[in-house]
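Here's the letter readout for the chains.
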Amino acid sequence: MKTHLDCEYGIVLNNPAFTRYVVEYGEISTYPAGYKENAGIFCHNNPWIIIGETMLGRGDQAWEYYKKICPSYLEDISDLHKTEPYVYAQMISGKDAYKPGEAKNSWLTGTAAWNFYAVSRYILGVRPQYDGLLVDPCIPKGWKGFKVIRKFRGATFIIKVANPHSVNKGVAQISVDGKLLETNLIPVMPEGVYNVDVVLG
């Protein structure tokens, strides 16, 4: 994936691009090379790769992929990108395109929802489970920590994560209101506000 599909502006769907129409392939071969389904960067499936990287413990790689399609990080190339600087695009032209990096179809995508899901549940690592709230971050090594406020089944959790050893992943210790837990799954709690301290290591 890194060798064949990653590029400066995101992760393309396929590579190399089709350069002629093939009736058996259908729509994918009707688009110009590097656009849409034909080796374009479809932003709403890039978060699936980000999730995969976190599951492998590669927080730096996950964050790198996220920054390539996140509007907040694209201001320096806004003349190329061309879409609004505060909204995700459905598609960015890929490395085989006439103009790589140009975005298309803002507001017409599931990208924002998928990125929220990838960042909140897999990079920040706060995931609801049947038996409680799992805290399993996978972040860049350079992050010293972060804070999340998460409401879950009537309770509010103020989660502070510290990364004193500069790791990508691995919960060394977790406590709720000062009480150490044996696992990184916070059990379902009654309504109220709880302070959660997490140390990675």
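This text follows the structure it describes.
Since this is a predicted model, take the numbers as computed values, not measurements.

Q: How would you summarise the packing of helix α1 (residues 46-55) against helix α2 (residues 59-69) if you had to cite specific residues and measurements?
A: Packing of α1 against α2 leaves a shortest axis separation of 8 Å and a crossing angle of 165°. On the basis of their axis angle, the class for α1 and α2 is roughly antiparallel. α1 and α2 meet at a crossing whose hand is left-handed. Facing Asn46, Pro47, Ile49, Ile50, Glu53 and Thr54 of α1, the residues of α2 in contact are Gln61, Ala62, Tyr65, Tyr66 and Ile69.

Q: Just give me the short version of the packing of aromatic side chains, but keep the residues and values in it.
A: Within this structure, the stated rule accounts for ten aromatic pairs. Aromatic pair Trp63 and Tyr66: ring centres 5.2 Å apart, planes at 40°, arrangement tilted. With Trp63 and Tyr66 both in helix α2 and three residues apart, the pair spans about one turn of that helix. Counting every residue linked through ring pairs, the aromatic cluster contains Trp63, Tyr66, Tyr73, Trp143 and Phe146.

Q: Quick one: what's the story with the packing of α1 against helix α4 (residues 111-123), residue by residue and with numbers?
A: Packing of α1 against α4 leaves a shortest axis separation of 9 Å and a crossing angle of 10°. Here α1 lies roughly parallel to α4, going by the angle between them. For the pair formed by α1 and α4, the contact residues are Pro47, Trp48, Ile50, Ile51, Thr54 and Met55 on the first element and Trp114, Asn115, Tyr117, Ala118, Tyr122 and Ile123 on the second. Residues that form the contact of α1 with α4 fall into these classes: ten nonpolar, two polar and no charged.

Q: I'd love a proper account of the nonpolar core, names of residues and values included.
A: General note: in soluble globular proteins, nonpolar side chains tend to be found buried as a group. Ranked by internal contacts, the top residues of the largest apolar core, which has 44 residues, are Ile41, Phe157, Ile159, Ile186, Val196 and Val198. With five residues, α2 is the largest single contributor of residues to this core.

Q: With reference to specific residues and values, describe the sheet that holds strand β7 (residues 132-135).
A: Sheet architecture is open: three strands sit in the order β6-β7-β12, paired in antiparallel fashion. The open sheet has two edge strands, β6 (126-129) and β12 (185-187), and neither has a second partner. Taking the axes of each pair of neighbouring strands and ignoring which way they run, one obtains an average angle of 25° across the sheet. Alignment of β6 against β7, held across four bridges, turns out to be antiparallel. Among the inter-strand pairings, Val126 is bridged to a residue of β7, identified as Val135.

Q: How would you summarise empty space enclosed by the protein if you had to cite specific residues and measurements?
A: Tallied over the full model, the rule gives one cavity of 30 Å³ or more. Size it by volume and the largest cavity reaches roughly 50 Å³. Taken together, Pro71, Leu74, Glu75, Ser78, His81, Thr83, Glu84, Pro85 and Val87 form the lining of the largest cavity. Split by residue class, the lining of the largest cavity holds four nonpolar, three polar and two charged.

The rules behind these values
Residues numbered from 1 in each chain as written. Predicted model: local features only at pLDDT ≥ 70, side-chain atom pairs only at ≥ 80, totals over all residues. Heavy atoms only, no water. Axes fitted to C-alpha atoms, helices over the stretch in contact; angles between N-to-C directions. Helix = DSSP H or I, 4+ residues; strand = E, 2+ residues; numbered from the N terminus. Parallel < 35°, antiparallel > 145°, perpendicular 65-115°, else oblique. Left-handed = near helix turned anticlockwise from the far one by under 90°. Contact = heavy atoms within 4.5 Å. Phe/Tyr/Trp six-rings, centres within 6.5 Å; stacked < 30°, edge-to-face > 60°. Nonpolar A, V, L, I, M, F, W, Y, C, P; charged D, E, K, R; others polar. Core = buried A, V, L, I, M, F, W, Y, C linked by side-chain atoms within 4.5 Å. Buried < 20%, exposed > 50% of the residue type's maximum accessible area, 1.4 Å probe, protein only. Pairing = 2+ DSSP bridges. 1 Å grid on protein atoms, 1.4 Å probe; cavity = no way out; pocket = protein on both sides within 12 Å on 5 of 7 lines; lining within 4 Å. Points joined across faces, edges and corners; volume = space filled by probe spheres on them.

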